[in-house]
Amino acid sequence: GLLLWPNAKPTQAQKDLLQQYQNLNIPFVFIDRMIEGIVADYVASDNYAGTYAMTNHLIELGHRHIVHLMPNMPSLLPITQRHAGYVDALAQHNLPTYDAWMMNSPDHDEFYETDIYKLLSGDGAELTNQVVEYMSSTTPTPTAIVCANDILAIITTKTLIGMGYRVPEDISVGGFDDISLAAYMTTPLTTVAQDAYEIGRVAAQMLLLRLDGDTSPPKQQYIPTRLQARMSTAAPLCDDMASFEP
C-alpha cells in the first residue's frame, strides 16, 4: 500500500504508473491533493473552512475590502477550496468579492510549487512587482489580504512594508499553513494551522483498512484546521463602510 502526497502537476507517466497499481489492486491514499482520473481514498485539511474562518476573522475586525492572493494554480484542489471559503465568507456578510490576485511564476505563466521556495530564498523581486501592481490597480484599495499560504503572506508583508504600508495598522495580512517561520516574523503572522499529525494518522488508518480487505467506495476525509491569530491582523484604522456599496 502507498500513502501519496502528489506533486501539483503530475506527469502522464506518473498517472500511468498509478493506474497500473490500481489494476494490481494495490491500495493507496492521497494526502492533500488528488490526481485527476485516479480514484482513491483522500485525506486533507479542511481548506474551505480554514479560509472561511480567516476571512470571517477579518470581517469581524471590521474589514470590508478583502482580497485573496493565491498562486496561479487554479486547478489545484486545495487552492480552489481555499478560494471558495473566501468567497462564501464575504457572501455570507453581503460584502464584495474581488477577482483573485493570481501570482505568476517568474519563469512561466502558471505557478509551480517549487517557485515559491525560490522566491523566498531570493529577493522575491518577481513576486514583489506583482503585489505592487495589484495594490496600485485595485479600487478601492483593500485593507486586508488573505493569502493562500504562509510563504506568499510573508513575501507580501515584506512588499507592503517596502511600499510604505504598516502591517497591520494600514493593511492586515493572513496566511495558511502555520509554518514555523510564521510565528517569528517581525510582525508574527495570523494564519490557519493545519494538523499534520492527524492528517498522517487518518491517512494511515484508511490505508490499513484497505489492506485488511475494505472494498467500500473511496472515501474523502477533511481534518479540521485552527485559526491562529497573531499580530499581522487588526481592525482597520479608518471606517471604509462609507465606500462600500452592497
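As a reminder, the structure under discussion sits directly above these lines.
To start, this report covers the structure provided alongside it. Note that the coordinates shown come from a computational prediction; the quantities given were computed from them, not determined experimentally. Along every chain, residues carry numbers that run from 1 in the direction the sequence is written. The predicted nature of this model means local features are confined to residues of pLDDT at least 70 and side-chain atom pairs, given and counted, to a pLDDT of 80 or more, with totals for whole chains, interfaces and linings taken over all residues. The side-chain values count all of the structure's non-hydrogen atoms but skip hydrogen atoms and water molecules.

All right, on to the overall build of the protein then. Looking only at helices and strands, the protein features seven helices and 10 strands. Going through the 246 residues of the protein one by one, you find that 45% of them count as buried. Two residues form a contact once any of their heavy atoms are found within 4.5 Å. Counted over contacts in the protein with a minimum sequence separation of 6, partners at least 24 positions apart contribute 74%. Values of accessible area rely on a 1.4 Å probe in the Shrake-Rupley scheme; residue burial ignores everything except the protein chains shown. Roughly 12100 Å² of accessible area belongs to the protein as shown, and the carbon and sulfur atoms make up 54% of that amount. In this text, helices come from DSSP runs of H or I with a minimum length of four residues, and strands from runs of E with a minimum of two, each type numbered from the N-terminal end. Any residue under 20% of the maximum accessible area for its type is buried, any over 50% is exposed, and the rest in between are partly exposed; the area is computed with a 1.4 Å probe on protein chains only.

Attention now goes to empty space enclosed by the protein. A cavity here means a set of points on a 1 Å grid, drawn over the protein atoms and nothing else, where a 1.4 Å probe fits but cannot get out; a pocket is an open set with protein on both sides within 12 Å along at least five of seven lines, and a residue lines either one if it has an atom within 4 Å of a point. Grid points are joined across faces, edges and corners, and a volume is the space filled by probe spheres set on the points. Within the structure shown, the criterion is met by one cavity of 30 Å³ or more. Lining the largest cavity are I154, T157, V167, M185, T187, L189 and S232.

It is worth spelling out the sheet that holds strand β7 (residues 172–174) at this point. For two strands to pair, DSSP has to find at least two bridges joining them. Read across the sheet, four strands follow the order β5-β4-β6-β7 without closing on themselves; strand pairing throughout is parallel. Only two strands of the sheet have a single neighbouring strand rather than two, namely β5 (101–103) and β7. In this sheet, neighbouring strand axes are inclined to one another by 20° on average, regardless of whether the strands run parallel or antiparallel. Across three bridges, strand β6 (residues 144–147) lies against β7 in parallel orientation. Across the sheet, the residue bridging to I145 is V173, located in β7. Simply put, an axis is a line fit to the C-alpha atoms, just over the touching stretch for a helix, and the angle between two N-to-C directions goes from 0 to 180 degrees. Across the sheet, helix α2 (residues 47–61) is in contact with β4 (66–71), β6 and β7; its angle to β6 comes to roughly 170°. The sheet contacts of helix α6 (residues 150–162) involve β4, β5, β6 and β7, and relative to β6 the element is tilted by about 150°.

Read from one edge of the open sheet, four strands run β1-β2-β3-β9, paired in parallel fashion. Edge strands, defined here as strands with exactly one partner in the open sheet, are β1 (2–4) and β9 (220–223). The mean inter-strand angle of the sheet, taken between neighbouring strand axes irrespective of direction, is 20°. Pairing of β1 with strand β2 (residues 28–31) involves three bridges; the strand directions are parallel. Within β2, the residue paired with L3 across the bridge is V29. Lying on the sheet, helix α7 (residues 196–211) is in contact with β1, β2, β3 (41–45) and β9; it crosses β3 at an angle near 170°.

Moving on, we come to helix α3 (residues 77–92). A helix is expected to reach a length of 1.5 Å times the quantity of its residues less one. If you check α3, its first and last C-alpha atoms are 22 Å apart, about what 16 residues at 1.5 Å a residue would give, namely 22 Å. Among the residues of α3, those classed as buried are P78, I79, Q81, R82, G85, Y86, A89 and L90. Elements in contact with the buried residues of α3: α2, β4 and β9. Downstream of α3 by a residue or two, N94 has a phi angle that is positive, lying close to 55°.

Right, let's talk about the side chain of S232 for a bit. Examined against the element boundaries, S232 turns out to sit in the segment after β10 (226–228). Taking the relative accessible area as the measure of exposure, S232 reaches 1% and is therefore buried. For S232, the side chain forms a polar contact with the main-chain nitrogen of T190, separated by 2.8 Å. Dropping the residues within four chain positions of it, S232 is found in contact with V167, P168, I171, S172, V173, T187, P188, L189 and T190. Pairs of N or O atoms within 3.5 Å make up the polar contacts considered here, provided that, within protein, one atom can donate a hydrogen while the other can accept it, and that residues adjacent in sequence are counted only when both atoms are side-chain atoms.

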